[in-house]
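Observations on the three-dimensional arrangement
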Amino acid sequence: MADNNQILGTRHLLGIKDLNEKDIQLIFETADTFKDVLNRPIKKVPSLRDVTIANVFFENSTRTRLSFELAQKRLSADTINFAASSSSVSKGETLIDTVNNILAMKVDMVVMRHPYPGAGIFLSKKVNAQIVNAGDGAHEHPTQALLDAFSIRERYGDVAGKKVAIVGDILHSRVALSNILCLQKLGAEVMVCGPTTLIPKYIKTLNVKVEYDLMKALQWCDVANMLRIQLERQDIRYFPSLREYSMLYGLNKEILNSLDKEITIMHPGPINRGVEITSDVADSKQSIILDQVENGVAIRMAVLYLLAGQR
Amino acid sequence: MSSSPAMQIAGLFLWYDSYNQQTHVSRFLKSTQAFSDFYVFQSNILFLPLLKSKLMQNLTLLDGPKFQITIKRLCHQLIENHTDFSNSVILGIQPRGIYLADRIASELKSILPQANILNGNLDITFFRDDFRRRESPLVPNTTKIDFIIEGKKVILVDDVLWTGRTIRSAMDAMMAFGRPEKVELLVLVDRRFSRHLPIEPDYIGIQVDSINSQKVLVSWKETDQEDKVILLSGK
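Procedures and definitions
- Residues numbered from 1 in each chain as written.
- Chains lettered and ligands numbered in written order.
- Predicted model: local features only at pLDDT ≥ 70, side-chain atom pairs only at ≥ 80, totals over all residues.
- Heavy atoms only, no water.
- Pairing = 2+ DSSP bridges.
- Helix = DSSP H or I, 4+ residues; strand = E, 2+ residues; numbered from the N terminus.
- Right-handed = clockwise from strand over helix to strand, strands pointing away.
- Axes fitted to C-alpha atoms, helices over the stretch in contact; angles between N-to-C directions.
- Contact = heavy atoms within 4.5 Å.
- Domains from an automatic or database assignment.
- Buried area = accessible area lost by both parts, 1.4 Å probe.
- Salt bridge = Lys/Arg side-chain N within 4 Å of Asp/Glu carboxyl O.
- Polar contact = N/O pair within 3.5 Å; in protein donor to acceptor, adjacent residues only side chain to side chain.
- Nonpolar A, V, L, I, M, F, W, Y, C, P; charged D, E, K, R; others polar.

**Some details on the pairing of strand β2 (residues 78–83) of chain A**
Residue and element names in this part refer to chain A. Relative to β2, strand β1 (residues 52–57) is paired through six bridges, and the arrangement is parallel. Residue pairing in the sheet places Phe 57 in a bridge with Ala 83 of β2. Taken together, β1, helix α2 (residues 63–74) and β2 constitute a β-α-β crossover, and its handedness is right-handed.

**Quick notes on the sheet that holds strand β9 (residues 215–219) of chain B**
Residues and elements named next belong to chain B. As summarised here, the arrangement of the three strands in space is β3-β10-β9, forming an open sheet in which the pairing is antiparallel. Looking at the sheet topology across the chains shown, the edges are occupied by β3 (59–63) and β9. In this sheet, adjacent strand axes meet at a mean angle of 20° when their direction is disregarded. Here β3 runs beside strand β10 (residues 228–232); their pairing, made up of four bridges, is antiparallel. Its bridge partner being in β10, Thr 60 is matched across the sheet by Ile 230. Along the sheet, helix α3 (residues 64–82) makes contact with β3 and β10, crossing β3 at roughly 55°.

**Re the domain arrangement of chain A**
Residue and element names in this part refer to chain A. Each assigned domain of chain A is listed here: domain 1 (16–140 + 293–309) and domain 2 (142–290). Taken together, the contact between domain 1 and domain 2 spans 30 residues of the former and 27 residues of the latter. Here domain 1 and domain 2 share an interface that buries about 2,500 Å² over both sides, 60% of which is from carbon and sulfur atoms. Linking domain 1 with domain 2 are three salt bridges. With a closest N to O distance of 3.0 Å, Arg 174 and Glu 59 form a salt bridge. Seen at the junction of domain 1 and domain 2, the total is 14 residue pairs in polar contact (both at pLDDT 80 or more). Those elements that provide at least two residues to the side of domain 1 that touches domain 2 are α1 (21–38), α2, β3 (109–114), β4 (130–136) and α11 (289–309). For the side of domain 1 that touches domain 2, the class distribution of residues is eleven nonpolar, eight polar and eleven charged.

**Things to note about the interface of chain B and chain A**
If you look at the interface, chain B gives 23 residues, while chain A gives 29 residues. Together chain B and chain A conceal approximately 2,500 Å² of surface at their shared face, both sides included; 56% is due to carbon and sulfur atoms. Across the contact surface, chain B and chain A share three salt bridges. For Asp50(A), the salt bridge identified is with Arg133(B), shortest N-O distance 3.6 Å.

Structure (structure tokens):
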């Protein structure tokens, strides 16, 4: 029992940027056992019974919030939920005041989603609690990247050496950035694909391949991660119409069948059926979209367990 | 039985068994029963002059043929209570109890070739009571239970019983899989007089009296080349 205690290199989970390969593998190994726990008749363990976690969501979310909440409940943590839309934030309270008020009620950890990039990093310097970033603007979404890589690892046994294409709205996507960092740290090759207007100019500095032709990207990759077009973040028009986007970058069964190999399809959700992928692709055997959701709970349990355990 | 003051301060007796050429340690108790585990005969007690330096050394408590005899004895004691194991299961506690559980299970199979011995691994990491009280969280091991424990007699197996906290966690962890009819505890080494909880084993390989700074290490042929129980003295 002596030498199997390991520790993450960070006190908060603000981004994949702060993790190294060892940290990610540690999270995966821990998630493996939690996945096992989730398949038992009693899916609950008492590890976090003296930990209180606040889920602070300044932006809409269903999957991530439910997944975090379920992970916390499976670990026996006490949780409180906070949605900005129904709170005093609309009365003009600042972020630090809001969070400090929550912490005054003796909360140990804060899971936060915020529309501004770096909100989690800012908060981690100002308040005395462990922060888990559940998405900050177009910056990072670390748990999503971890669960995506975990799902690839589950499908292929290892992430190293795999070719992953991230297709869609790279410019507005926090999933894309976290995924690129996470997959590269694990030794995978990453390509981004999308319309020129939706691929940031400096993306090449991250050492990723850039491809503007969907067909070529699909022929290259083992795994295609299809991102959603984030219309709510598009202040100007980046492409003429959704229909044109879906004709050029939408994935359908014919394209999939025309490839000479079987690739794996991923999607971080929510799916706009008929835009980035069609229903027959989303529900096909090659799609691991629902496995991603299942793995999300195990990954979030592992992250919370490892963070809460270090003092 | 006489004892020198120096040894009483240490709280330990040191025996030299010339027949087996082994050295044994035992804590002093008023009753002679305290020495019964070490098959030490009064005639060949030899107090070594360098008591202190001898205490600092690592002592082998069990190895060779006696180790195998102990395993066999535990198996026969189990058979006494569980007959053909039709309603009993063995659960080895991760990480170190699984080797003993595997050994017991394979030994039982060779004694009872017809019996179906069910043997699983139980990880207790998430049920420990020291989470957030230690510097870092423990990395869990796998739980492998391919059978139903509901209504069964469960034999929990671990290598060393010390404070009893692991066994407390194991009972909690096990209950997540169902409600057994009965739970028993088998340990290879029982470190007496050191319990933090009211937990006692049903089957004991050897009993050891030790002080807190000492460690008992069980090594296995499968992973560490040799079947052996060693008492490690700190510093």
